[in-house]
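The primary structure of each chain is shown beneath.
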Amino acid sequence: MITIRSAEIEDISQIQRIAREAWLHTYKELYSPSFIDHFLRHAYAEDSLRRSLEKDKQQELPGFLVAELDHQLAGFAQRRQLQEGEHEILRMYVLPRYHQRGIGRAFLRQYTHDLKSGVLIAWVAKENRIAIPFYEKSGFYAAEEKHEMLEGQSKTQVKYVLKL
């Protein structure tokens, strides 16, 4: 059974482990190993995650969630409010061995239950062949694209939107 709960400070090392494994699995074809390593060291640094978790505790609704399956952390997701009625999924990662087990859908159910109305958005790399089918099957639609320079290369991000 999947249990979704608020992330805690004690979960940081497991969140870092999940992020590393998920990023290496998901983005190995899109980004160089050095870019992935650099990104993970900064985006998932302990002090950065600690600040995110502390800020999340100040919110009315938890946005930084973890999923437990088989008595261990199997994934995490983080959401933030952009403006009234508009929320963004900043990150959602599941250990590859737990893909297709309903964890991503459980995160989305929790978010839609908590938010009840408005829109939920997620920016996804256009080449991300794992996330795009997931979001589309979950009722999101592609709304726009933007181009970013990463590693000296132009990368396209697609904004997926779910109306709640």
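Conventions we followed
- Residues numbered from 1 in each chain as written.
- Predicted model: local features only at pLDDT ≥ 70, side-chain atom pairs only at ≥ 80, totals over all residues.
- Heavy atoms only, no water.
- Helix = DSSP H or I, 4+ residues; strand = E, 2+ residues; numbered from the N terminus.
- Expected span 1.5 Å × (residues − 1).
- Contact = heavy atoms within 4.5 Å.
- Pairing = 2+ DSSP bridges.
- Axes fitted to C-alpha atoms, helices over the stretch in contact; angles between N-to-C directions.
- Buried < 20%, exposed > 50% of the residue type's maximum accessible area, 1.4 Å probe, protein only.
- Arc of directions from axis to C-beta.
- Phe/Tyr/Trp six-rings, centres within 6.5 Å; stacked < 30°, edge-to-face > 60°.
- Lys NZ or Arg CZ within 6 Å of the ring centre and 35° of its normal.

Trainee: How do you make sense of helix H3 (residues 46–57) when you look at a structure like this?
Mentor: In an α-helix, one full turn covers 3.6 residues, which means residues spaced three or four apart are oriented alike. Across its 12 residues, H3 extends 17 Å between first and last C-alpha, which sits within 8% of the 16 Å expected from 1.5 Å per residue. Elements in contact with the buried residues of H3: helix H1 (12–27), helix H2 (33–43), strand S2 (64–69), strand S3 (72–83) and strand S4 (86–94).

Trainee: Even after reading the chapter, I still don't get unusual backbone geometry, so can you show me in this structure?
Mentor: Outside of glycine, negative phi angles account for most residues, and trans bonds account for most peptide bonds. In the Ramachandran plot, Gln 100 falls in the positive-phi region, its phi being about 65 degrees despite a non-glycine side chain. Of note in the backbone geometry, Lys 116 takes a positive phi value of approximately 70 degrees without being a glycine. For Lys 116, the location among the structural elements is in the loop between helix H4 (103–115) and strand S5 (119–125).

Trainee: Looking at this structure, I do not really get the sheet that holds S3. What am I missing?
Mentor: Working definition: the strands of a sheet are paired by backbone hydrogen bonds and lie parallel or antiparallel to each other. With mixed pairing, seven strands are arranged side by side in an open sheet as S1-S2-S3-S4-S5-S7-S6. Looking at strand neighbours, the two that pair on one side only are strand S1 (3–6) and strand S6 (141–150), the edges of this open sheet. The mean inter-strand angle of the sheet, taken between neighbouring strand axes irrespective of direction, is 30 degrees. Judged from the eight bridges that link them, S3 and S4 form a sheet pairing that is antiparallel. In the sheet register, Gln 81 faces S4, and the bridge partner there is His 87.

Trainee: Explain H1 to me, please; I cannot follow it from the model alone.
Mentor: Taking 1.5 Å per residue, 16 residues should reach 22 Å; H1 reaches 21 Å between its end C-alpha atoms and fits that length. Ile 12, Ile 15, Ile 18, Ala 19, Ala 22, Trp 23, Thr 26 and Tyr 27 are the residues of H1 that are buried. All buried residues of H1 lie within an arc of 125 degrees about the axis, which places them on one face of the element. Buried positions along H1 lie against H2, H3, S2, S3 and S4.

Trainee: Explain the packing of aromatic side chains to me, please; I cannot follow it from the model alone.
Mentor: How two aromatic rings sit relative to each other is set out by the distance from centre to centre and by the angle between their planes. Taken as a whole and assessed by the stated rule, the structure comprises 15 aromatic pairs. Between Trp 23 and Phe 39, the aromatic rings sit 4.4 Å apart at their centres with planes inclined by 25 degrees, giving stacked as the arrangement. With Trp 23 in helix H1 and Phe 39 in helix H2, the pair connects residues that are 16 residues apart, well separated along the chain. The buried category is assigned to Trp 23, whose relative accessible area is 6%. On the basis of an interplanar angle of 25 degrees and a centroid distance of 6.3 Å, the ring pair of Phe 35 and Phe 39 is categorised as stacked. Note that Phe 35 and Phe 39 are positioned in helix H2 at a spacing of four residues, about one turn of the helix. Among the aromatic residues, ring-to-ring pairing joins Trp 23, Tyr 27, Tyr 31, Phe 35, Phe 39, Tyr 44, Phe 64, Phe 76 and Tyr 93 into one connected group. For Lys 146, the ring lying beneath its charged end belongs to Trp 123, and the centroid distance is 4.3 Å.

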